[in-house]
Amino acid sequence: MKNKELIKTDFLTTRSLTESICAPLEVEDYVPQPIIDVSPPKWHLGHTTWFFEQFVLIPFATNYQLFHEDFAFLFNSYYNHAGERVLRPNRGLMSRPPVREVMQYRSYVTEKLIEMITKQDPAEEILERIILGINHEQQHQELLVYDLKYILGNQPTFPVYGDKFQTKPIAKSDFRKFTEGIYEIGFAGEGFFFDNELGRHRVFLEAFEMAVQLVTNGEYMEFIEAGGYQNFDYWLDEGLSFIKKEGITAPLYWYRKGGEWWNYTLNGFQKVDPSLPVQHVSFYEASAFASWKGCRLPTEFEWEVAADQLNWGQLWEWTNSAYLPYPGFSKVPGALGEYNGKFMVSQHVLRGASVATPSGHSRPTYRNFFHPSSRWVFSGIRLAN
Ligand SMILES: [Fe+2]
């Protein structure tokens, strides 16, 4: 039996955390969409609200009145079952509704949902939808951090956001050995999980070694200085085409100034600290670095087996695994079946969590996924052998 009071608290905490992530922003920062991947903060605020309205209040709340009849069109992301919507590249063109009205939309939906939990005694199925909505909003909290960093980090003035979401220095790494064998992979136990963490299944792994720590900026600078971006031998062909086409010679947000590396951080423009984990690299760069080191990236299965012996949680870690369904994977009918399954092509799995992941939103079976060229993600590198 789900605990209604606990769900109410989690819901309210999540709603206010999203707003507090936006609090240091100026109103002008809420609108731009500098690249397709980056959604405007205003859009995240509206979309996470629409999710609760569309999937909880409309189907289940007694006498629910829509806040605004256009908002489903404006704030639906990719749910074909939920109808027509603003195309993704056009999210940043929406100067209306104003931020103030989106905040009113948030308050309205938050209030109606609390009213529903309190007065209606919702069935388990409805409470499960609310928990999904909370986890969905937590995912967007993390994307919001990536997106606001990209928006601010592409201002000529490099504005300071604040000292939240900073990584910490890491110790020198050593490798742990893991024996060959058959291991169980996928979610088991109590609590929330996404459908892509099922079905739990067995895999056979050869013996492997994995670094306890992530790769540091210092190590990555050695790769750059050794000509790593210029030597085609280290690169996957697709990766080499990508860096050539984009003119990439260092991680995202890095700049060469006075013979030294500097980078934009949410805490301002700073000299690159060699003791911090390297961040904002694509899968291609992670793979090339591993190749230069004479290593490789772990598979998502190796990562899950090794997780309790690794120092993880600062940055998402690129794995060498394509994002595919586990044996027995099934999606629920209707719109919510579109949540994960339809993205299982041309994406790589990242494991772990990052400093932008809300607390309580990580677990060793969690499967994050992005296109291998993505660099605005809070991503890092772990080596395996
Ligand atoms: Fe979403």
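Only a predicted model underlies this, so the values are computations on that prediction, with no experimental measurement involved.

(A) Up close: the sheet that holds strand β8 (residues 316–322). With mixed pairing, the 4 strands of this open sheet are ordered in space as β10-β9-β8-β11. The open sheet has two free edges, formed respectively by β10 (368–370) and β11 (379–380), since each of these has just one partner strand. In this sheet, strand β9 (residues 348–351) lies alongside β8 in antiparallel orientation, the contact comprising 3 bridges. Its bridge partner being in β9, W318 is matched across the sheet by L350.

(B) Structural view of the sheet that holds strand β5 (residues 254–257). Taking strand neighbours across the sheet as the criterion, the 3 strands line up as β5-β6-β7 in an open arrangement whose pairing is antiparallel. Since the sheet does not close on itself, it has two edges, and those belong to β5 and β7 (268–271), each with one partner. Ignoring strand direction, the axes of neighbouring strands in this sheet form an average angle of 30 degrees. As paired elements, β5 and strand β6 (residues 260–265) share 4 bridges and run antiparallel to each other. Looking across to β6, one finds that W254 is bridged to N263.

(C) Local environment of the side chain of T265. As for its position among the elements, T265 is in strand β6. Sequence-distant contacts of T265, defined by excluding residues within four places in its chain, comprise K149, Q166 and Q270.

(D) Spotlight on helix α5 (residues 124–153). Across its 30 residues, α5 extends 43 Å between first and last C-alpha, which sits within 8% of the 44 Å expected from 1.5 Å per residue. Counting buried positions along α5 gives 24 out of 30 residues, so the element sits mostly inside the fold.

(E) Structural context of the packing of aromatic side chains. A complete count under the given rule lists 52 aromatic pairs for this structure. For the pair Y64 and Y108, a centre-to-centre distance of 6.0 Å together with 45 degrees between the ring planes defines the contact as tilted. Residue Y64 is found in the loop between α2 (41–60) and α3 (71–75), and its partner Y108 is found in helix α4 (residues 99–120); the two are separated by 44 residues along the sequence. Its relative accessible area of 15% is what places Y64 among the buried residues. By relative accessible area, Y108 is classed as partly exposed at 22%. Seen in terms of ring centroids, F289 and W292 are 5.6 Å apart; in terms of plane orientation they differ by 55 degrees. Their pairing is tilted. Taken together, the residues span about one helical turn, with F289 and W292 both in helix α8 (residues 283–292) at a distance of 3 residues. Since its relative accessible area comes to 0%, F289 is described here as buried. Taking NZ or CZ as reference, R91 lies 3.6 Å from the ring centre of W43, over its face. Its end group placed over the ring of W262, K257 keeps NZ or CZ at 4.0 Å from the ring centre.

(F) Region of the structure containing the domain arrangement of the chain. Assigned domains of the chain: these are domain 1 (4–153) and domain 2 (175–380). For domain 1 and domain 2, the distance between their C-alpha centroids amounts to 27 Å. In this complex, domain 1 contributes 27 residues to the contact, which on the side of domain 2 involves 29 residues. Of all residues in domain 1, E142, Y146 and K149 give up the largest surface area on contact with domain 2, accounting jointly for 28% of the area buried on that side. The tally of links between domain 1 and domain 2 comes to 0 salt bridges. Viewed at the interface, domain 2 and domain 1 are joined by 14 residue pairs in polar contact (both at pLDDT 80 or more). For the side of domain 1 that touches domain 2, the elements supplying multiple residues, two or more each, are α2 and α5. Among the elements that make up the side of domain 1 that touches domain 2, the one with the highest residue count is α5 (18 residues). Class assignment of the residues belonging to the side of domain 1 that touches domain 2 gives a composition of 14 nonpolar, 8 polar and 5 charged.

(G) Highlighting the pattern of salt bridges. Counted according to the given criterion, the structure contains 17 salt bridges. A salt bridge links R15 to E137; the nearest nitrogen and oxygen atoms lie 2.8 Å apart. With R15 in helix α1 (residues 4–22) and E137 in helix α5, this pair connects stretches of sequence that are 122 residues apart. Each member of the pair R15 and E137 is classed as buried. In this structure, the salt-bridge partner of E300 is R367, at a minimum N-O distance of 2.8 Å.

(H) Seen up close, the environment of E246. Note on placement: E246 falls in helix α7 (residues 237–246). Judged by its relative accessible area of 44%, E246 is partly exposed. A distance of 3.5 Å separates the side chain of E246 from the side chain of K245, its partner in a polar contact.

(I) Quick peek at the packing of α2 against α4. α4 packs onto α2 with a crossing angle of 30 degrees between their chain directions and a minimal axis gap of 9 Å. By the angle class used here, α2 and α4 are roughly parallel. Considering the relative orientation of α2 and α4, their crossing is left-handed. Here K42, L45, G46, T48, T49, W50, F52, E53, V56, L57 and F60 of α2 come into contact with α4, specifically with V99, V102, M103, Y105, R106, V109, K112, L113, M116 and Q120. The residue inventory of the contact of α2 with α4, partitioned by class, reads 13 nonpolar, 4 polar and 4 charged.

The rules behind each value
In this convention, every chain numbers its residues from 1, walking through the sequence in written order. Since the coordinates come from a predicted model, pLDDT governs what is reported: local features require at least 70, and pairs of side-chain atoms require 80 or more to be given and counted, while whole-chain, interface and lining totals use all residues. Side-chain figures throughout are based on the complete set of non-hydrogen atoms in the structure, without hydrogens or water. At least two bridges found by DSSP between two strands is the condition for calling them paired. By the criteria applied, helices consist of DSSP H or I runs no shorter than four residues and strands consist of E runs no shorter than two, each listed in order from the N terminus. Only C-alpha atoms enter the line fits that serve as axes; for helices the fit covers just the stretch in contact. Angles between N-to-C directions range over 0 to 180 degrees. Contacts between residues were defined by any pair of non-hydrogen atoms, one from each residue, lying within 4.5 Å. Take the residue count of a helix, subtract one, and multiply by 1.5 Å to get its expected span. Here's how the labels work: a residue is buried when its accessible area is under 20% of the maximum for its type, exposed when over 50%, partly exposed in between, all with a 1.4 Å probe on protein chains only. Ring geometry is summarised as follows: Phe, Tyr and Trp rings, the Trp one being its six-membered ring, pair when their centres sit within 6.5 Å, and such pairs are stacked at plane angles under 30 degrees, edge-to-face over 60 and tilted between the two. Comment: the charge-over-ring label is applied if NZ (Lys) or CZ (Arg) is within 6 Å of the ring centre and within 35 degrees of the ring normal. As annotated, the domain borders come from an automatic or database domain assignment. Accessible area that two parts lose when put together, with a 1.4 Å probe and added across both, is what the buried area reports. Whenever a carboxyl oxygen of Asp or Glu lies within 4 Å of a side-chain nitrogen of Lys or Arg, that contact is scored as a salt bridge. As used in this structure description, the phrase polar contact means that two N or O atoms lie within 3.5 Å; if the pair is within protein, one of them must be able to donate a hydrogen and the other to accept it, and residues adjacent in sequence are counted only when both atoms belong to side chains. Residues were grouped as follows: Ala, Val, Leu, Ile, Met, Phe, Trp, Tyr, Cys and Pro as nonpolar; Asp, Glu, Lys and Arg as charged; and all remaining residues, including Gly, as polar. Each angle receives one of four descriptions, namely roughly parallel if under 35 degrees, roughly antiparallel if over 145, roughly perpendicular if within 65 to 115, and oblique otherwise. Note on convention: the crossing is left-handed when the near helix lies turned anticlockwise from the far helix by less than a right angle, right-handed when the turn is clockwise.

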